[in-house]
Amino acid sequence: MSGTNLFRARVTENSIFLDERYLYPEFIPEVLPGRGKEIESLVYCFDPLLKGKKPVNVFLSGSTGVGKTVCVKFVLKELEDASDRAKSLYLNCFEFNSRAAILIALANFLGSAVPRRGLATDEIYTSVLESMRKCSFTPIVVLDEVDQLLASDSGSKLLYDLLRVVEHGKQGIGIVLISNDVELTSRLDSRIRSSLAEQTVVFSPYTPEQLKKILSERSELAFVKGVVDKDAIGVAAAHAAKLGGDARIAIESLLKAGRIAEKENSGKLLVAHLKGAFESVDAASLAKGLGFLARDELLLLKIISENPAINSGAIYGLYSKEKGASLKERRLRDVLAALEKQNFISSEPVSMGNQGKTRQFRCGIPKELILKGL
């Protein structure tokens, strides 16, 4: 082997990226196409802070990749730029999935040096209250993927903790909940629901035209001018629209395609590179999506993966024998429709002769991943 440095030798001759960071999920653009109405609703909820009042709590819902997280981060950044009366703490409940973990993060955010271990949860809450007494701003706590937190009783207790801060003579905490589940807050304890008094903002899937605009703006920032094939943006937008208007998948596919093109030293991002990216991005997205599903949904996927071309009646028969099964047949059909919309399963109509028609379901997720989720 020669003495040439391994990494210097791999410098791409025909680099097509200007700055691929514009395609990263954490990038917050200066303009958010197709989300003017939702941004206006968020501004309305946080505007009272500028007048020294308490903000309106917010619940953001809608399917994956429709701009919930990026919109709230965008608006809160604008708020913090405009005033020092508010500061936001963003927490993803996959990582911060317990009452203690969130209270520790909040206490540290407010200036208390709380250790990760060694204190009882109620002691941590006392530290939060003490810090709030000295706090010169209103904290806005954003709980993303909040389903993961509310799966346990301690999650509901955490919401109760945050809502009753104001009872201790403090200025209160603004709360933003983000979930794919539109009905999430309706299932909260009545006391919490009453105190939360949230404004709900529902995000619709992006249209193909909106996706094209998003991808065009990102590609102009991320790629060298002229290297992206004129048809690639449209193909990526159409693919994401077919998967429920998921902008995250569209942007990630563009990033992956660019890396494939660079690896091949192509000098241009072609539709072929994009199609090569779709399979791995879609599979990774579906695998990640399993983590957002409830146990009943995972049980249905397991049943369908074990019984290809099974109809809903047979699915219900097998599901009802599972320990802890709680879905009624009508609700089960709704859940199947939601899983199909998210591309976890597919179905096709079949004739049953004199008995009419039914739908047969197939699962697009490997059984091993489903079992891991369970």
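Within every chain, residues take consecutive numbers counted from 1 along the sequence as written. Whole-chain, interface and lining totals are the exception, using all residues; otherwise, since this is a predicted model, local features are given only for residues with pLDDT of at least 70 and side-chain atom pairs are given and counted only at 80 or more. As a convention, hydrogens and water are excluded, and side-chain values are obtained from all of the structure's heavy atoms.

**Comments concerning the overall build of the protein chain**
Right, so step 1: For helices the rule is a DSSP run of H or I covering at least 4 residues; for strands it is a run of E covering at least 2, with both sets numbered from the N terminus onward. A tally of helices and strands in the protein chain yields 15 helices and eight strands.
Right, so step 2: C-alpha atoms of the protein chain, sized along the principal axes, occupy 65 × 60 × 50 Å.
Right, so step 3: The classification of residues rests on relative accessible area computed with a 1.4 Å probe and restricted to protein chains. Under 20% of the type maximum is buried, over 50% is exposed, and intermediate values are partly exposed. Out of the 374 residues belonging to the protein chain, those deemed buried represent 44%.
Right, so step 4: In this description, contact between two residues means that some pair of their heavy atoms is separated by no more than 4.5 Å. Pairs at least 24 apart in sequence give 70% of the contacts found in the protein chain among residues at least 6 apart.
Right, so step 5: Taken as a whole, the protein chain presents about 19800 Å² of accessible surface, with 50% of it coming from carbon and sulfur.
Right, so step 6: Charged residues are defined here as Lys and Arg on the positive side and Asp and Glu on the negative side; His and the ends of the chain fall outside this count. Where a charge lies is defined by one atom per residue type: Lys uses NZ, Arg uses CZ, Asp uses CG and Glu uses CD. Averaged over its 51 positive side-chain charges, the protein chain has a centre that lies 2 Å from the centre of its 46 negative ones. Computed with the Shrake-Rupley method and a 1.4 Å probe, the accessible areas treat only the protein chains shown as cover for residues.

**Some remarks on the pattern of salt bridges**
Right, so step 1: In what follows, salt bridge is the name for a side-chain nitrogen of Lys or Arg lying within 4 Å of a carboxyl oxygen of Asp or Glu. Summed over all chains, the structure comprises 15 salt bridges.
Right, so step 2: For K302, the salt bridge identified is with E322, shortest N-O distance 3.4 Å. In this pair, K302 sits in helix α12 (residues 295–306) while E322 sits in the loop between α13 (312–319) and α14 (329–341), placing the two residues 20 residues apart along the sequence.
Right, so step 3: Relative accessible area serves as the criterion here: at 24%, E322 is assigned to the partly exposed category.

**A few points about the environment of K323**
Right, so step 1: Position of K323 among the secondary structure elements: in the loop between α13 and α14.
Right, so step 2: Of the residues examined, K323 reaches a relative accessible area of 78% and is grouped as exposed.
Right, so step 3: For the pair formed by K323 and L255, sequence separation is 68 residues and the distance between their alpha carbons is 43 Å.

**Overview of the packing of aromatic side chains**
Right, so step 1: Pairing of aromatic side chains here covers Phe, Tyr and the six-membered ring of Trp, requires ring centres within 6.5 Å, and sorts the geometry by plane angle: under 30 degrees stacked, over 60 edge-to-face, intermediate tilted. Applying the stated criterion across every chain, the model contains three aromatic pairs.
Right, so step 2: Ring geometry for F17 versus F223: centroids 4.9 Å apart, planes at 25 degrees, classification stacked. Placement of the pair is F17 in the segment before α1 (36–46) and F223 in the loop between α8 (208–222) and α9 (232–242), with a sequence separation of 206 residues.
Right, so step 3: Ring centres of Y22 and F27 lie 5.0 Å apart, and the angle between their planes is 85 degrees; this geometry places the pair in the edge-to-face category.
Right, so step 4: The exposure class of Y22 is partly exposed, given its relative accessible area of 27%.
Right, so step 5: Lysine NZ or arginine CZ positioned within 6 Å of the ring centre and within 35 degrees of the ring normal marks a charge as sitting over the ring. Over the face of the ring belonging to Y206 we find R35, whose NZ or CZ atom lies 4.1 Å from the ring centre.

**As for the pairing of strand β1 (residues 58–61)**
Right, so step 1: Of the two faces of β1, both are covered, the one formed by V58 and L60 as well as the one formed by F59 and S61.
Right, so step 2: What makes two strands pair is DSSP finding at least two bridges between them. Taken together, the four bridges between β1 and strand β4 (residues 174–179) define a ladder with parallel strand orientation. Across the sheet, residue F59 finds its bridge partner in β4, namely L177.
Right, so step 3: Bridge count between β1 and strand β5 (residues 199–202): four bridges; the pairing is parallel. Bridging from a neighbouring strand, S61 pairs with V202 of β5.

**Thoughts on the sheet that holds β4**
Right, so step 1: Pairing is parallel across the open sheet formed by five strands, whose spatial order is β2-β3-β4-β1-β5. If you trace the sheet from one side to the other, it starts and ends with β2 (86–92) and β5, each paired once. Between one strand axis and the next, the sheet turns by 15 degrees as a mean value, whatever way the strands run.
Right, so step 2: Sheet topology places β2 next to strand β3 (residues 138–144); seven bridges connect them, and they run parallel. Looking at the pairing, K87 lines up with P139 of β3. Helix axes are fitted only over the stretch in contact, all axes being lines through C-alpha atoms; the angle between N-to-C directions runs from 0 to 180 degrees.

**A word on unusual backbone geometry**
Right, so step 1: Despite not being glycine, A197 shows a phi value in the positive range, around 40 degrees.
Right, so step 2: With respect to the helices and strands, A197 occurs in the loop between α7 (190–196) and β5.
Right, so step 3: Although it is not a glycine, N265 sits at a positive phi angle of roughly 55 degrees.
Right, so step 4: Relative to the helices and strands, N265 is located in the loop between α10 (247–263) and α11 (271–289).
Right, so step 5: Classification of N265 by relative accessible area gives partly exposed; the value is 30%.

**Some thoughts on the environment of L50**
Right, so step 1: Residue placement: L50 occurs in the loop between α1 and β1.
Right, so step 2: A residue is classified by how much of its surface remains accessible, and L50, at 37% relative accessible area, is partly exposed.
Right, so step 3: Here the alpha-carbon distance between L50 and A82, two residues 32 residues apart in the chain, equals 8.6 Å.
Right, so step 4: Ignoring sequence-local partners within four residues, the contact set of L50 consists of L79, S83 and R85.

**Digging into the sheet that holds strand β7 (residues 345–351)**
Right, so step 1: Taken together, the three strands give an open sheet; going across it, the order is β6-β8-β7, and neighbouring strands pair in antiparallel fashion. The sheet is open, and its two borders are formed by β6 (310–311) and β7, each paired with just one other strand.
Right, so step 2: As judged from the two bridges shared by β6 and strand β8 (residues 357–363), these two strands associate in the antiparallel manner. Bridge pairing in β8 places I310 opposite F361.
Right, so step 3: Across the face of the sheet, α12 comes into contact with β6, β7 and β8 while running at roughly 95 degrees to β8.

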